[in-house]
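# Survey of secondary and tertiary structure
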Amino acid sequence: MNAKDKKKWFLAVILCLVMWAVCGCTGGKKMTIDTTLEMDASFKGTRTMSTLVPASIFRQAFKSDLEALQSMVTAKCPSTLLCSADETDQGVEITMTLAFANLKDYTNKIGQILGKTPGIYYESSDSVFKDGFMLQENFTSRDLFGWLVDALKEENSQFSDMELEDIFENGKNVVSYNGQTYETESQIHVEEIESHAFDSLSVELTMNDDGSFKVALNFFVNQDTYYDMGDNMDEVIKGLLPDGGVYDVTNVNEQRVYTIEFSTYNEKTLISQLNSVLHTDKCEFKVTENGDEADPFKARKDIVMYLDGSYFLDFGRADTELVYKLNVSSDYAFDSCESLTGFLKNYSFDNSNKYTSIFMNVGPSDKVQVSLTYAVDIQKIRIATKVGTGDLLERELNFIFSSDQAELVGENFEERLRSRMSEDMVLNQTESENETTYTVRIEAESPEELSRKTSLFLDGSINEDAEEYTSLLTGGQMKKKLKTKTLAFEDRINLEGFLGSASVNEKIEYSIEYPKGYTVSFEENGHSDMITENNVLTCTTKDSIIIVKSKGEITNYSGITQLLLWWISLIAAILSFVINLRHIAGYIRHREKYLMKADLFKGKNIVFMTIGVVALVVWVFTSFRLILRIY
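Starting afresh in each chain, residues are numbered from 1 along the sequence in its written order. Residues qualify for local features only when their pLDDT is at least 70, as the model is predicted, and side-chain atom pairs are given and counted only at 80 or more; totals for whole chains, interfaces and linings, by contrast, use all residues. Working from all heavy atoms in the structure, the side-chain values ignore hydrogens and water.

### Here's the deal with the overall build of the protein chain
Note on conventions: DSSP H or I runs of at least 4 residues are helices, E runs of at least 2 residues are strands, and numbering of each starts at the N terminus. Secondary structure summary: the protein chain contains 16 helices and 32 strands in total. Restricting the calculation to C-alpha atoms gives the radius of gyration, and the globule rule supplies 2.2 Å times the number of residues raised to the power 0.38. Computed over C-alpha atoms, the radius of gyration of the protein chain comes to 45 Å, more than 25% over the 25 Å expected from 2.2 N^0.38 for 631 residues, which places it beyond the range of a compact globule. Principal-axis analysis of the C-alpha atoms places the extent of the protein chain at approximately 160 × 90 × 40 Å. For the exposure calls, accessible area comes from a 1.4 Å probe over protein chains only, and a residue counts as buried if that area is under 20% of its type's maximum, exposed if over 50%, partly exposed in between. Looking at the protein chain as a whole, 43% of its 631 residues qualify as buried. Taking contacts inside the protein chain between residues at least 6 apart in sequence as the whole, the part at least 24 apart equals 64%. Here, two residues are considered to be in contact whenever any of their heavy atoms come within 4.5 Å of each other.

This is the structure:
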C-alpha cells in the first residue's frame, strides 16, 4: 500500500469515528422529538416541541459549551418560534414553542417554517349532522426541525454529511383540546365526533366559454341514517336550494340521493352560491392564465378550487368520500392535478367531444390545482406583397390578435418573431381599440431572395439542399407583346410550420400590389372574396397554405410607337414614290439624258426625295425590329 492509499484509509477511519461520535455515542439512538399541541375550539393555543441532546453528543459536538449552543439556537431559530436550550442531567433540552391565535395564523406560521403550504384540516361541528371536532395534519414535528439541522451543519462540520432523518425521530405526540388530552401518531390526527353525516358528496362544476358556470351537487346518505334523522334531513337539504335552482330526491339501492343544481354568471356568484349550499364560508375558486414560454400559441390555465364539505361529511370515517368533478371545454387539454394542502387521494381525467373532465377524490376537503393547456389562435393574418419598380419586392406579414390574446401571449410571440428575423427585417407593433398587430417587413431584390427570406422566417430554418423553399414566389419576368407588357407571379406561402397546432379564427387575407398603371387580375379563382381594386388584388382563405396566381398588364408604348413609325414611314415612302413617279419613269426611259434635264436636287424635288429616302430607311429599320420582336 503506497502513501496515497494510506492517507485515504486514514481519512475514512477519521470520518467513521466522527459519525460514531455524533450518532453512536448513545448506542446509535436518534434524538427524539416530543410534541404537545394545546388549543381550544377557536383554534387558539401553542405547539411545543422538545428534543434532548445527549450529554455525550453535547460534549463531542459542542465541547459542553451551553452558551455556544444557546447562541446558535437563538440566532437560527425561525421568527415564528420561541427557541431555548437548557442543560439537564441527561444533556441539553432544546425547546421550540409556536403560539397561534387561530387556524389561519397557525397555518401561516407552519408554512413559513416548512417553506410550503401545509395540509391542516380542522373542524369543530355542532349541527344536525354531527357534533365534535377533528384535526388532521400532513406533516410531522421532525419536518419542522429542518432549520436546526442546517444550523448544526453550518456550526459544526461533524454534521455536514447528515440529514434530518439521520439525527431526529418523532417521539410522543399529544393533543390537548379544550382540556381533553389525546395521544396521536407522528402526523397528528385526532377526532371525537358523533355523527349522522352523509356517506359522500360530489360536486360537478361545468365552466362555460362565456364565463358562466353550471353546478350540480349530489348528497349521498344511507337509508339507516336517513331514517334516524327523519324528515329533518329533507328539510335541511331543501332549505339550501338557491333561487332559480333545481332540487331532486331519488333512492338508489340502499342510499338516498339529494341533488341540487344551479347556474351562475361569474366566479364571484359561484363562490357565494357554493358557500350558501355547502353551509360554509371557505369555498374557493380562482382561475389564472399565463402564456407558454416554449410555445407562443399555447397558454396555461390554472384553476385552484377548495370545496368545504365538512358540514355534511364525517372525514373520520374511512369510507367517506368528497368528489370534485370539473368539466371544461374539449378545447382544453389536461396537464396536471396536484394538492396544495396534501389531502388529495386520487384523480383521473376523461375526454369527450364536448368536455375535458377531471375527477378528484379528496379527504378531508382539499385545495387542489388543476392545470390545463390550450391553443391560443391568431385572430387573423394579413399578407401583403408589393411589386416595386425595377427588381425591388416588399412583403408585410401582419399577425393580428385580440387585446385579450395579446395580453396573454404577446411577449412570448414577439420573442418568437425576433428569433426568426434576419437583421434586415423590421418588426413593428401597433394597437387599436380591440386589436394588437405585429408586422414583419421583408425586402428583397428578386423573387428567389424573397422566397428564401420568407421560408426562413416562417419555418425558423431552411434546407439549402432542398429543391425549392416551402414558401416560393415565382415569375416576375416581363413578357412583352406589341401592344401590352405582362408581369405574372405565382405566390405560394406555407404557414403550417409557423402556426403549428394553432389556427386562425377569422381569416387569412392575401394581397399583391403591382406598380401603378397596371391592369391586374387573378389567374385562378381558388379563393373567396377575390377583389380587384386599381393595381391591387385581394383574396381571403382559411387554408394555412396559400397559392395565388396573378398577372398585371400595362400598355407597351414602345411597341405602339414602333408600329406607328412603321405605318407612317410606309405611307411617307409610298407618297414619295407617287409624287416622284414621273421622274422615275423618265429615268427608266432616258437614263442619264433625263437626269441632265430634270432639276431633282432643287426646290421641292429634293424635299420629296429626302422624305422618301428617310421614310424608306425608317420603315426597313422598324420592320426588322417588329420581325425580331424588339419592342
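### A closer look at the pattern of salt bridges
Each reported salt bridge corresponds to a side-chain nitrogen of Lys or Arg within 4 Å of a carboxyl oxygen of Asp or Glu. Within the structure shown, the criterion is met by 20 salt bridges. In this structure, Asp105 and Lys109 form a salt bridge, with 3.3 Å as the shortest nitrogen-oxygen distance. Residue Asp105 and its partner Lys109 are located together in helix H4 (residues 103–114), separated by four residues, close to a single helical turn. Accessibility expressed as a relative area gives 21% for Asp105, which makes it partly exposed. The partner of Asp234 in a salt bridge is Arg256, with the nearest N and O atoms 3.3 Å apart. Separated by 22 residues along the polypeptide, Asp234 in helix H8 (residues 232–239) and Arg256 in strand E13 (residues 255–264) bring together distant segments of the chain. Each member of the pair Asp234 and Arg256 is classed as buried. Via salt bridges that share partners, Asp199, Arg317 and Asp319 belong to a single interconnected network.

### Looking at a nonpolar patch on the surface
Note on patches: the residues involved have over 30% relative accessible area and no salt bridge, like charges join within 9 Å, and the nonpolar side chains Val, Leu, Ile, Met, Phe, Trp and Tyr join within 5 Å. Computed by Shrake-Rupley with a 1.4 Å probe, the accessible areas treat only the displayed protein chains as cover when residues are assessed. Together, Ile606, Val607, Met609, Ile611, Val613 and Val617 give the surface a local cluster of nonpolar side chains, amounting to about 470 Å² of exposed area. Here Val607 is to be found in helix H16 (residues 603–627).

### Let's talk about H8
For H8, the complete set of buried residues consists of Met233, Asp234 and Ile237. For H8, the angular spread of buried residues about the axis comes to 100°, placing them on one side. Facing away from the buried side of H8, by more than 90 degrees, are the exposed residues Glu235 and Gly239. For H8, the secondary structure elements touched by its buried residues are strand E11 (213–222), helix H7 (223–229), strand E12 (246–252) and E13. The arc in question is formed by the directions pointing from the helix axis toward the C-beta atoms.

### Here we look at the state of the cysteines
Here, a disulfide means two cysteine sulfur atoms that sit within 2.5 Å of each other. In this structure the tally under the stated criterion is one disulfide. Not part of a disulfide, Cys283 finds its nearest cysteine sulfur in Cys337, a span of 17 Å. Residue Cys283 is classed as buried on the basis of its relative accessible area, which comes to 7%. The class for Cys337 is buried, based on a relative accessible area of 8%.

### Some points on the sheet that holds strand E14 (residues 284–291)
Sheet architecture is open: four strands sit in the order E14-E15-E20-E17, paired in antiparallel fashion. Looking along the sheet, the strands with just one partner apiece sit at the ends: E14 and strand E17 (333–339). Strand-to-strand twist across the sheet, computed as the mean angle between neighbouring axes with direction ignored, equals 15°. Two strands form a pair only when DSSP identifies at least two bridges running between them. Note: E17 against strand E20 (residues 367–375), six bridges, orientation antiparallel. By the bridge assignment for E20, Glu338 is matched with Gln369. Here an angle of 0 to 180 degrees is reported between the N-to-C directions of two axes, which are lines fitted to C-alpha atoms, with helices fitted over the stretch in contact.

### Structural notes on the sheet that holds strand E9 (residues 189–195)
Here three strands make up an open sheet; going across it, the order is E5-E6-E9 and the pairing antiparallel. Either end of the sheet is taken by a strand with one partner, and the two such strands are strand E5 (120–126) and E9. On average, each strand axis in the sheet is inclined to that of its neighbour by 15°, with strand direction left out of account. The sheet contact formed by E5 and strand E6 (residues 130–137) spans seven bridges and is antiparallel. The partner of Ser124 across the bridge, within E6, is Phe133.

### A short note on the nonpolar core
What we call a nonpolar core is a set of buried Ala, Val, Leu, Ile, Met, Phe, Trp, Tyr and Cys residues that are connected through their side-chain atoms within 4.5 Å. One finds Phe198, Phe219, Ile237, Phe285, Phe399 and Phe457 to be the most contacted residues of the largest nonpolar core, which totals 97 residues. When residues of this core are assigned to their parent elements, the largest contribution, five residues, is made by E11. Listed in part, the 47 residues of the second largest apolar core include Leu37, Leu69, Met96 and Phe100.

So yeah, pure geometry; function would need other evidence.
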